[in-house]
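If you want the building blocks of each chain, they are given just below.
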Amino acid sequence: MAKEKIRSEKVLVVDDQAQSYLKFSLDKLGFRHMIFVTTAQAAIRECESTRFDLILCSYNLSKGKDGFYLY
């Protein structure tokens with residue numbers, strides 16, 4: 001994917017763990033539009049208002065925040 005394309009892609013990351021490493025990695029790849037949430041419910045709310053090009057979701061979120069509900 002060309003760097004110009006990556007810079008414009010919108011990414012949603014759903015994870016309840018520390019996200020600094022993932023943010024750093026995505027940033028190094030060239031992604032600039034990233035939203036981080038910690039629950040499936042928050043991810044659903046984000047998806048209702050924004051069309052994402054890439055969604056990275058942890059399947060095993062903390063109790064009551066199960067990533068399974070996004071599938």
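You'll find the structure just up there.
Remember, predicted model here, so these are calculated numbers, not experimental data.

Engineer: Help me out: how do you make sense of the environment of Cys47 in this one?
Structural biologist: Checked against the element boundaries, Cys47 lands in helix α3 (residues 40-49). Here Cys47 falls in the partly exposed class, since its relative accessible area comes to 37%. Apart from the residues within four sequence positions on either side, Cys47 is in contact with Leu12, Phe52 and Ile55.

Engineer: How do you make sense of the pattern of salt bridges when you look at a structure like this?
Structural biologist: A side chain with one charge may pair with a side chain of the opposite charge, provided their charged atoms come close. Summed over all chains, the structure comprises two salt bridges. The salt bridge partner of Asp53 is Arg51, with a shortest N-O separation of 2.8 Å. Judged by relative accessible area, Asp53 falls into the partly exposed class, the value being 34%. On the basis of relative accessibility, which here comes to 64%, the residue Arg51 falls in the exposed class.

Engineer: Help me understand the sheet that holds strand β3 (residues 54-57), please; the structure alone is not making it clear to me.
Structural biologist: Two pairing modes exist for strands in a sheet, parallel and antiparallel, and in both the strands are linked by backbone hydrogen bonds. Taken together, three strands build an open sheet; the order of strands is β2-β1-β3 and the sheet is parallel. Because the sheet does not close on itself, it has two edges, and the strands there are β2 (33-37) and β3. Strand-to-strand, the axes of this sheet are offset by a mean angle of 15°, without reference to chain direction. Pairing geometry for strand β1 (residues 10-14) and β3, over four bridges, is parallel.

Cut-offs and rules
Residues numbered from 1 in each chain as written. Predicted model: local features only at pLDDT ≥ 70, side-chain atom pairs only at ≥ 80, totals over all residues. Heavy atoms only, no water. Helix = DSSP H or I, 4+ residues; strand = E, 2+ residues; numbered from the N terminus. Buried < 20%, exposed > 50% of the residue type's maximum accessible area, 1.4 Å probe, protein only. Contact = heavy atoms within 4.5 Å. Salt bridge = Lys/Arg side-chain N within 4 Å of Asp/Glu carboxyl O. Pairing = 2+ DSSP bridges. Axes fitted to C-alpha atoms, helices over the stretch in contact; angles between N-to-C directions.

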